[in-house]
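Analysis of the macromolecular model
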Amino acid sequence: AGSAAEPFRLTVLGNLAVTLDDPRRQEGLHRQRIAAAAAIYGSRSTVVAYAWVNLGVALALQGRHGEAEEAFRRSHEIFAARLGAGHGETVSALRNVGRAQQLQGRYSEALATLRGALASFPPGGGLRGGAGIRYQAARVAWLVERSPEALAELRSAARMLVDLATGPYDPYPADAMVALG
């Protein structure tokens, strides 16, 4: 304990807890990791931010979505400060906040958060990630009965995935994917 390798040892143990389907043990290990990493690297390090993400996942697996949202929010704050608003890790952390809000039934907030993640998404930042955020936004829009907006987001996500798989956008496969759900 106390060495620079300690946070990484705790990550390995936390990942082992996931494979053992034990989110409570995972939670405890990630809380230990946050404390150890903060002591070694400082509380605003990206190592701590990743530990907050992992803690958020462990909390979400236990149905503790409010606490998960707070953990994801902390990771987002650190990533934004260290890596910038448009970095993929920062955008992913914001997406996690939106997902936690969605799971709490706070759909309007979730949609606004996901819109913020999309606005921050870096140009050329990876079609798959952008498509995932758009798909999630479509699901939330559908839940609040904004079906035209949901279908537009879903169509955009499908286009991104078609572009990823085949190159230049061909509207027919994307529109077929949307139509088929």
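The structure contained in this document is the topic of the report that follows. (Residues numbered from 1 in each chain as written. Predicted model: local features only at pLDDT ≥ 70, side-chain atom pairs only at ≥ 80, totals over all residues. Heavy atoms only, no water.)

Describing the overall build of the chain
When you go through the chain residue by residue, the secondary structure sums to 9 helices and 0 strands. Ordered by position from the N terminus, the helices and strands of the chain form the series α-α-α-α-α-α-α-α-α. Out of the 181 residues in the chain, the part that is buried amounts to 38%. Put simply, the chain shows about 9,300 Å² of open surface, and 57% of that area lies on carbon and sulfur atoms. (Helix = DSSP H or I, 4+ residues; strand = E, 2+ residues; numbered from the N terminus. Buried < 20%, exposed > 50% of the residue type's maximum accessible area, 1.4 Å probe, protein only. Areas by Shrake-Rupley, 256 points an atom, 1.4 Å probe, with all protein chains shown as cover.)

With respect to helix α4 (residues 65-83)
It helps to recall that an α-helix has 3.6 residues per turn; residues three or four apart then point in one direction. For α4, spanning 19 residues, the distance from its first C-alpha to its last is 26 Å, which sits close to the expected 27 Å at 1.5 Å a residue. Along α4, the residues classified as buried are H65, A68, E69, A71, F72, S75, H76, I78 and F79. Summarising the contacts, the buried residues of α4 are in contact with α3 (46-61) and α5 (88-103). (Expected span 1.5 Å × (residues − 1). Contact = heavy atoms within 4.5 Å.)

Here we look at helix α6 (residues 107-120)
The end-to-end C-alpha separation of α6 is 20 Å, in line with the 20 Å expected for 14 residues at 1.5 Å each. All buried positions along α6 are accounted for by A110, L111, T113, L114, A117 and L118. The arc that holds every buried residue of α6, seen down its axis, measures 165 degrees, which confines them to one face. Exposed positions of α6 whose direction lies more than 90 degrees from the buried face are S108 and A119. (Arc of directions from axis to C-beta.)

So, the environment of Q136
Relative to the assigned elements, Q136 resides in helix α7 (residues 127-143). Owing to a relative accessible area of 6%, Q136 belongs among the buried residues under this scheme. As a C-alpha pair, Q136 and L154 span 18 residues in sequence and 8.8 Å in three-dimensional space. Here the side chain of Q136 touches R95 through a polar contact of 2.7 Å, side chain to side chain. (Polar contact = N/O pair within 3.5 Å; in protein donor to acceptor, adjacent residues only side chain to side chain.)

Describing the packing of aromatic side chains
Considering all chains together, one arrives at 1 aromatic pair under this definition. Between Y50 and F79, the aromatic rings sit 5.0 Å apart at their centres with planes inclined by 70 degrees, giving edge-to-face as the arrangement. Here Y50 is found in helix α3, whereas its partner F79 is found in helix α4, with 29 residues between them in sequence. With a relative accessible area of 1%, F79 lands in the buried category. (Phe/Tyr/Trp six-rings, centres within 6.5 Å; stacked < 30°, edge-to-face > 60°.)

Considerations on unusual backbone geometry
Despite not being glycine, E145 shows a phi value in the positive range, around 60 degrees. Of note, E145 is situated in the loop between α7 and α8 (147-166). Judged by relative accessible area, which is 72%, E145 ranks as exposed.

Points about the pattern of salt bridges
When their charged atoms lie close together, side chains carrying opposite charge are able to pair. Applying the stated criterion across every chain yields a total of 9 salt bridges. A salt bridge links R73 to E69, with the nearest nitrogen and oxygen atoms 2.6 Å apart. Here R73 pairs with E69, and both are found in helix α4, just 4 residues apart, close to one helical turn. Judged by relative accessible area, R73 falls into the partly exposed class, the value being 29%. With its nearest N and O atoms 2.5 Å apart, the salt bridge here joins E153 to R115. Of the two residues, E153 sits in helix α8 while R115 sits in helix α6, which places them 38 residues apart along the sequence. Given the relative accessible area of 28%, R115 is considered partly exposed. (Salt bridge = Lys/Arg side-chain N within 4 Å of Asp/Glu carboxyl O.)

None of the figures reported here should be taken as evidence of function without further support.
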